[in-house]
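So the chains spell out like this:
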Amino acid sequence: MKRTDYQAIVIGAGHAGCEAALALARLGFKTIVFTVSVDSIALMPCNPSVGGTSKGHLVREVDALGGEMGKVIDQTFIQSKMLNRSKGPAVHSLRAQADKQKYSRTMRRVLENEKNLTIRQGEVDELIVEDGKLKGVRTHTGIDYLGEVCVVCTGTYLNGRCITGETSTYTGPNGLQAATHLSDSITKLGIELRRFKTGTPARMDGKTIDYEKMEPQYGDKKIVPFSFTNMETGITKEQSLCYLTYTNEETHKIIRDNIDRAPLFSGYIEGTGPRYCPSIEDKVMRFSDKKRHQVFIEPEGLYTDEMYVGGMSSSLPEDVQTDMYHTVPGLEHATIVRNAYAIEYDCINPLELKASLESKKIQGLFFAGQANGSSGYEEAAAQGLMAGINAARKLQKKDPIVLTRSQGYIGVLIDDLVTKGTNEPYRMMTSRAEYRLLLRQDNADERLTPIGHEIGLISDERLAHLKEKYIKIEKEIERIKTTFVGDTKPVQDLLKSYDSTPLISGISLAELVKRPELNYEVLSPIDPNRPALTDEVKEEVEIHLKYEGYIARQIRQVEQSAKLEQKKIPKDLDYNDVKSLRLEARQKLIDIQPETLGQASRISGVSPADISVLQVYLTTKSN
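First, a word on what this report is: a plain description of the structure on this page. Quick caveat, the model's predicted, so the values are computed rather than measured. (Residues numbered from 1 in each chain as written. Predicted model: local features only at pLDDT ≥ 70, side-chain atom pairs only at ≥ 80, totals over all residues. Heavy atoms only, no water.)

### A few points about empty space enclosed by the protein
And step 1. Following the criterion strictly, the structure yields one cavity of 30 Å³ or more and no others.
And step 2. Considered as a void within the structure, the largest cavity measures approximately 30 Å³ in volume.
And step 3. In terms of lining, the largest cavity is formed by Lys 197, Gly 199, Thr 200, Ser 279, Glu 281, Ser 313, Ser 314, Ser 315, Tyr 341 and Ala 342.
And step 4. Taken together, the elements giving at least two residues each to the lining of the largest cavity come down to β14 (193-200) and β21 (341-348).
And step 5. Here the lining of the largest cavity gets three residues from one element, more than from any other, and that element is β14.
And step 6. Counted by class, the lining of the largest cavity contains two nonpolar, six polar and two charged residues. (1 Å grid on protein atoms, 1.4 Å probe; cavity = no way out; pocket = protein on both sides within 12 Å on 5 of 7 lines; lining within 4 Å. Points joined across faces, edges and corners; volume = space filled by probe spheres on them. Helix = DSSP H or I, 4+ residues; strand = E, 2+ residues; numbered from the N terminus. Nonpolar A, V, L, I, M, F, W, Y, C, P; charged D, E, K, R; others polar.)

### Structural notes on the sheet that holds strand β11 (residues 149-152)
And step 1. The sheet built from five strands is open, its strands ordered β7-β3-β2-β11-β22 with parallel pairing. Across the chains shown, the open sheet's two edge strands, defined by having one partner strand only, are β7 (117-121) and β22 (365-367). Within the sheet, the average angular offset between the axes of one strand and its neighbour, ignoring direction, is 20 degrees.
And step 2. When β11 meets β22, the two strands line up parallel, connected through three bridges. Within β22, the position partnered with Cys 150 by the bridge is Leu 365.
And step 3. Sheet contacts for helix α1 (residues 15-26): β2 (8-11), β3 (31-35), β7 and β11; angle to β2, the most-contacted strand, approximately 170 degrees. (Pairing = 2+ DSSP bridges. Axes fitted to C-alpha atoms, helices over the stretch in contact; angles between N-to-C directions. Contact = heavy atoms within 4.5 Å.)

### Here we look at the pairing of strand β17 (residues 242-246)
And step 1. β17 sits mainly inside the fold: five of its five residues count as buried.
And step 2. Alternating residues of β17 divide into Cys 242, Leu 244 and Tyr 246 and Tyr 243 and Thr 245, and every residue in both groups is buried.
And step 3. Two elements, β17 and strand β18 (residues 294-299), share four bridges in a ladder whose sense is antiparallel. Looking at β18, one finds that Tyr 243 is bridged to Ile 297. (Buried < 20%, exposed > 50% of the residue type's maximum accessible area, 1.4 Å probe, protein only.)

### Side note on the nonpolar core
And step 1. Ranked by internal contacts, the top residues of the largest apolar core, which has 100 residues, are Leu 127, Val 151 and Leu 365.
And step 2. Of the residues forming this core, the biggest block, eleven residues, is contributed by helix α11 (residues 377-395).
And step 3. Apart from residues no more than four positions distant in its own chain, Val 151 is found in contact with Ile 9, Val 10, Ile 11, Ala 20, Leu 24, Phe 366, Ala 368, Ala 387 and Ala 391.
And step 4. Counting 25 residues, the second-largest nonpolar core is a separate cluster that includes Ile 473, Leu 495, Leu 509 and Leu 518. (Core = buried A, V, L, I, M, F, W, Y, C linked by side-chain atoms within 4.5 Å.)

### Looking at the pairing of β11
And step 1. Going residue by residue along β11, you find Val 149 and Val 151 tucked away on one face and Cys 150 and Val 152 tucked away on the opposite face as well.
And step 2. Looking at chain direction, β2 and β11 are connected through four bridges and run parallel. Bridge pairing in β11 links Ile 9 to Cys 150.

### What to know about the environment of Glu 446
And step 1. Here Glu 446 shows up in helix α13 (residues 444-455).
And step 2. Relative accessible area serves as the criterion here: at 35%, Glu 446 is assigned to the partly exposed category.
And step 3. For the pair Glu 446 and Ala 64, spaced 382 residues apart in the sequence, the C-alpha separation amounts to 8.2 Å.
And step 4. Discounting residues that sit within four places of it in the chain, Glu 446 has contacts with Leu 466, Tyr 470 and Glu 540.

Structural data, given as C-alpha cells:
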C-alpha cells in the first residue's frame with residue numbers, strides 16, 4: 001500500500017479547513033488538505049455573507065492573529081454594513097454580503113499559492129492511530145497519507161443527509177458528495193458522535209422578483225475593512241442592493257396547514273437544529289403570536305441572478321415551499337432556482353477536546369468548525385485557525401496557544417465548547433462574552449496581533465504599524481485630557497447647537513467628549529490644534545474617553561479572575577482524592593478534565609464551594 005509523507009493533514013477545505021491548512025503551511029510545515037471537491041473550497045452553502053452580530057468580531061480577531069478570512073471578504077464583498085451603530089461600541093459588528101463564487105475562487109487561489117500546501121481532492125475514510133497517537137489517514141482509494149498531526153474540519157459533510165419534505169439524499173450541501181465512512185473510524189477511536197441539523201432557504205431567480213414591493217437595504221457609504229491590513233480607500237466600490245420584505249398570515253396558514261408534512265415535526269429529521277437560526281416552520285409554530293417575520297432578499301453574487309431568501313430556511317416539501325414563498329410580498333411570481341432543504345450531519349461532542357482543540361484521547365488529532373458542534377462560517381474559521389496554530393505548536397514542541405475569555409471572542413467560543421459542551425449547533429453571540437466592552441471589534445488588533453506575531457503569522461512590519469497606531473491613540477487621548485476650553489462664544493454656540501449644557505467655567509475637551517450628545521468629531525471647530533488622524537485612530541480615542549470608567553471596571557474584573565485562570569490543574573490529579581468535593585462536581589471534573597481552576601469554575605454542576613475545596617487541595621499539595 002503506497003504511503004505519502006506529510007507533516008500535517010487537514011480533512012476538509014471549508015472555512016475551518018482553509019484557516020487550519022494556511023496556518024500550518026505558513027508556519028513552515030509540509031501540509032496536505034483533503035476536500036471532497038476542489039470546487040467547494042471555502043464554499044458558502046448557506047448565507048452568502050461574512051460577519052454579523054458577534055460574528056464580525058470573530059472575523060476581525062482571525063485577521064488580527066494572521067488568518068485569511070478578513071482579507072478575502074474585503075476583496076469579494078458586494079455590500080458592507082456596520083451593524084448596531086445605534087448601540088454602544090461593544091456590539092458594533094461588521095457584516096459584508098459576498099460574491100460567493102468569487103470568495104471561493106479567491107480563497108482557493110490563496111491556498112494554491114501557499115508553497116508548503118498541497119490540495120488533494122479525495123475522501124478520507126480512516127484515521128490511522130497507533131498507541132494513542134495519530135499517524136496519518138487512509139483515503140477511500142486505499143492510499144495512506146502519513147503525518148504527525150491532523151485537523152478534522154468536516155463541516156456538514158460528515159454522513160450528510162439533505163432533506164426536503166419526504167425526500168432525502170445522502171449528500172453534503174448543494175448536492176456535493178458527503179463523507180460517509182469517516183464517522184465509523186472516529187467512533188472506533190472512542191470519540192462520541194452526535195447528530196446535528198441545519199438548513200438553508202430557497203434561491204430565487206432575481207428576474208422574477210418584484211422589488212418594488214420590498215424595502216431597499218443599502219450598504220454603508222463609508223466602508224470599514226474587515227482586515228486591519230486594508231484601508232477604506234483601497235476597497236471602496238459600488239455596492240449591490242439587498243431588500244427587506246415580510247411573511248404574513250397567509251404564509252403562516254400554509255405552514256400550519258402542512259406542518260404534518262414538515263420533517264422537523266414528523267420525526268423524519270433526527271438531528272438537533274440551531275435554536276438561534278430556526279427554520280420558518282419552526283418560527284411560525286414557536287412564535288404563534290407573531291403576525292410576520294422578516295425576510296431578507298440578498299444577491300448570491302455579481303455573476304448570477306440568484307437571490308438568497310434569508311429568514312425562510314425550510315425543509316417543507318417542494319409544493320408547500322412554492323405556495324409558501326409566493327405569499328411573500330414581491331415573491332408572488334418568483335421562480336425557485338434551488339429548493340430550501342435541511343441537512344443532518346455527524347459532529348463530535350466538544351467535551352472530548354482540550355482547550356487547544358486537540359482530542360483528549362488521541363495525541364495529534366485536532367477538530368475544528370462544525371465538526372465540533374458549532375454553526376457558522378466565522379465560528380468555523382476561528383476554530384480552524386486555532387486548531388492549525390496548535391497543531392503547528394505540537395510539531396514545534398511548544399505549549400499550545402489558548403486564548404482566555406478576556407482576550408477574545410475566540411476564547412469565549414472555544415471555552416464554551418470544550419467546557420460547557422453544546423446540545424445544539426452553537427452560535428456566537430455578544431451576550432456570551434462577559435467582557436464584551438474590552439472585546440470590541442475595533443481593538444482586535446491591539447488584543448491579538450502581538451500574539452499572532454509571537455506565533456509567527458504576523459510580520460515585523462505589521463506589528464510595528466500596530467505599535468505606531470496605538471502610540472498615536474495614547475498621545476491624542478493625553479492631548480484631549482490636557483486641552484481646556486472656556487465659556488467663549490464659539491464654545492457656547494457649539495454646545496447650544498447640540499442641546500448640550502453651556503459652560504460656566506473651563507473644562508477639558510475629554511470631559512466634553514464624555515457627554516452623550518457630543519463626540520470627538522463634533523468638537524473639531526473648537527479644537528484648532530487637532531492633528532490629522534485616521535478614522536480608526538479617532539474611533540479608538542473617542543471610545544477610550546467615553547467609556548473610560550466602564551473599561552477600567554472590566555479590567556479590574558479580569559484581574560480578579562486572572563488568578564483562577566492562571567492556576568493550572570495537574571494532568572494526573574485524581575479527583576477521587578479530593579474528599580470534600582460533591583459527587584456531581586467530582587464526576588463533571590473527571591469527565592471534562594479542566595486545565596485550569598478558571599475553566600473548572602465554568603463547568604455546569606461545579607459550584608463556587610467546589611472550586612474553593614479544589615483550590616485548598618491544590619495549595620496543600622504544592623506545599
